[in-house]
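# Reading the structure
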Amino acid sequence: PSVQRQKLRVAVGAALEWLPQESILFGGSRAVIETDVTLEAGARFIGWEQLSLGRPLSGDRYATGTLEQHTRITCDGEPLLLESLRFSAGDRLLAADCGLRSLGVCGTLYAFPANDPLLVRVRTRLGAATPSPERPPSTQLRCGATLLGELLVVRCLAREPEVLRNLFEALWCELRPDVLGRAPSAPRVWRT
């Protein structure tokens with residue numbers, strides 16, 4: 001299997017933004033992705049993970065392959081989020097309503113610390129992004145947001161990686177002033 005491990009540590013009073021491009025699971029791939037985020041008291045963090053199954057525009061529909069993904073976020077040694085995802089191409093989970101709903105792109109955005117008013121603002125923005133009869137199916141999104149203590153978790157499913165990326169960038173602009181105390185200033189690399 002291909003293995004990708006990220007270990008992110010954020011010291012007392014420090015801030016980290018971890019905003020990678022999506023991981024693409026090519027058909028036939030056997031991938032293991034592990035992400036550990038360790039926050040010390042007073043640390044601030046915004047990060048996301050995005051995953052695209054296959055390369056539909058190239059004809060790769062992810063007909064074969066496996067994924068094992070683990071994400072752990074802790075603060076001062078206490079777990080804020082511990083989750084795992086495992087599937088194989090063709091699993092019912094990929095098409096099920098309680099799974100990926102046949103939407104080939106999934107992502108999760110994290111922000112710490114967050115509070116109830118910020119959760120309300122994020123949910124309002126997500127409500128504006130949900131599908132409607134006026135939007136074509138290719139831009140459909142399925143999203144939800146929750147607050148686990150002070151950890152904001154936003155989960156989304158999409159048909160296309162660009163749609164999810166654009167939404168996450170908009171959410172980042174909304175979150176950055178409150179979570180990191182900095183105005184949004186998009187990195188130039190996002191447009192190359």
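Look up a bit, the structure's there.
Okay, so let's go over this structure. (Residues numbered from 1 in each chain as written. Predicted model: local features only at pLDDT ≥ 70, side-chain atom pairs only at ≥ 80, totals over all residues. Heavy atoms only, no water.)

### Focus on the nonpolar core
Spelled out, the test is: As used here, the term nonpolar core means buried Ala, Val, Leu, Ile, Met, Phe, Trp, Tyr and Cys residues forming a set that is joined through side-chain atoms within 4.5 Å. Partly exposed describes any residue whose relative accessible area lies between the buried limit of under 20% and the exposed limit of over 50%, with all areas from a 1.4 Å probe on protein chains only and scaled to the type maximum. Numbered from the N terminus, helices here are DSSP runs of H or I no shorter than four residues, and strands are runs of E no shorter than two. Should any heavy atoms of two residues lie within 4.5 Å, those residues are counted as being in contact.
Counting 29 residues, the largest nonpolar core has Ile46, Val122, Leu126, Leu152, Val154, Leu171 and Leu175 as the members making the most contacts within it. Secondary structure elements with two or more residues in this core: β5 (44-53), β8 (105-112), α1 (116-129), β9 (141-148), β10 (151-158) and α2 (161-180). Looking at this core element by element, the count peaks at 9 residues for α2. When neighbours within four sequence positions are excluded, Ile46 is seen to be in contact with Leu16, Glu17, Trp18, Leu19, Tyr110, Ala111, Trp172, Leu175, Arg176, Val179 and Leu180.

### Some thoughts on the layout of surface pockets
For the record, the criterion: Definitions used throughout: a 1 Å grid over protein atoms alone; a cavity as a set of points that fits a 1.4 Å probe which cannot get out; a pocket as an open set with protein on both sides within 12 Å along at least five of seven lines; a lining residue as one with an atom within 4 Å of a point. Grid points are joined across faces, edges and corners, and a volume is the space filled by probe spheres set on the points. Ten residue types, Ala, Val, Leu, Ile, Met, Phe, Trp, Tyr, Cys and Pro, are classed as nonpolar, four, Asp, Glu, Lys and Arg, as charged, and the remainder, Gly among them, as polar.
Size it by volume and the largest pocket reaches roughly 470 Å³. Along the walls of the largest pocket sit 22 residues, with Glu83, Leu85, Cys106, Thr108 and Arg155 positioned nearest its centre. The biggest single contributor to the lining of the largest pocket is β8, with 4 residues. Class assignment for the residues of the lining of the largest pocket results in 10 nonpolar, 8 polar and 4 charged.

### A closer look at unusual backbone geometry
Put simply, Phe112 and Pro113 share a cis peptide bond, and its omega is 0 degrees. Turning to its location among the elements, Pro113 is positioned in the loop between β8 and α1. Notably, Tyr62 is not glycine yet its phi reads approximately 55 degrees, a positive angle. Along the chain, Tyr62 turns up in the loop between β5 and β6 (66-75). By relative accessible area, which is 4% here, Tyr62 ends up buried. Of note in this structure, Arg101 is not a glycine but carries a positive phi near 55 degrees. By the element assignment, Arg101 lies in the loop between β7 (78-88) and β8.

### Topic: the packing of α1 against α2
Worth spelling out the cut-off: Only the stretch in contact is used when a helix axis is fitted, and all axes are lines through C-alpha atoms; the angle between N-to-C directions ranges over 0 to 180 degrees. Geometric relationships in this document are graded by angle, where less than 35 degrees denotes roughly parallel, more than 145 denotes roughly antiparallel, 65 to 115 denotes roughly perpendicular, and other angles denote oblique. Rotating anticlockwise by less than a right angle from the far helix to the near helix defines a left-handed crossing, while the corresponding clockwise rotation defines a right-handed one.
One can describe the packing of α1 onto α2 by two numbers: an axis separation of 11 Å at closest approach and a directional angle of 165 degrees. Looking at the two axes, α1 sits roughly antiparallel to α2. In the packing of α1 onto α2, the handedness of the crossing is right-handed. Every residue of α2 that contacts α1 at Leu118, Arg121, Val122, Arg125, Leu126 and Ala129 is listed here: Leu167, Ala170, Leu171, Glu174, Leu175, Asp178 and Val179. In the contact of α1 with α2, the residues fall into 9 nonpolar, no polar and 4 charged.

### Some points on the environment of Leu39
Position of Leu39 among the secondary structure elements: in strand β4 (residues 30-39). As for Leu39 and Ile73, which are separated by 34 residues in sequence, their C-alpha atoms are 7.6 Å apart. For Leu39, the contacting residues outside a window of four places in its chain are Val10, Phe45, Ile73, Thr74, Cys75, Asp76, Leu80 and Phe112.

### Digging into the side chain of Glu49
Here is the rule: Here a polar contact is recorded for every N or O atom pair within 3.5 Å, except that within protein the pair must consist of a potential hydrogen donor and a potential acceptor, and residues adjacent in sequence are included only if both atoms are side-chain atoms.
Note that Glu49 resides in strand β5. At 3.0 Å, the side chain of Glu49 forms a polar contact with the side chain of Tyr110. What Glu49 contacts, discounting residues up to four positions off in sequence, is Trp18, Thr35, Gln69, Thr71, Cys106, Gly107, Thr108, Tyr110 and Phe168.

### A short note on the sheet that holds β7
To be explicit about the condition: In this description, strands pair whenever DSSP reports at least two bridges between them.
Pairing is mixed across the open sheet formed by 4 strands, whose spatial order is β1-β4-β6-β7. Edge strands, defined here as strands with exactly one partner in the open sheet, are β1 (2-10) and β7. Neighbour to neighbour, the strand axes of the sheet diverge by 5 degrees on average, direction disregarded. Sheet topology places β4 next to β6; 10 bridges connect them, and they run parallel. From the neighbouring strand, Val37 faces β6, where its bridge partner is Ile73.

### What about the pattern of salt bridges?
Note on pairing: side chains with opposite charge can pair once their charged atoms come close. Which entries qualify depends on this criterion: Whenever a carboxyl oxygen of Asp or Glu lies within 4 Å of a side-chain nitrogen of Lys or Arg, that contact is scored as a salt bridge.
Summed over the entire model, instances satisfying the criterion amount to 12 salt bridges. Of the charged contacts, one joins Glu34 and Arg5 as a salt bridge, the two residues approaching to 2.9 Å between their closest N and O atoms. Placement of the pair is Glu34 in strand β4 and Arg5 in strand β1, with a sequence separation of 29 residues. Classification of Glu34 as buried rests on a relative accessible area of 18%. Notably, a salt bridge pairs Arg155 with Glu83, separated by 2.6 Å at the nearest N-O pair. Here the residue Arg155 occupies a position in strand β10, and Glu83 occupies one in strand β7, the gap between them amounting to 72 residues. By relative accessible area, Glu83 is classed as partly exposed at 24%.

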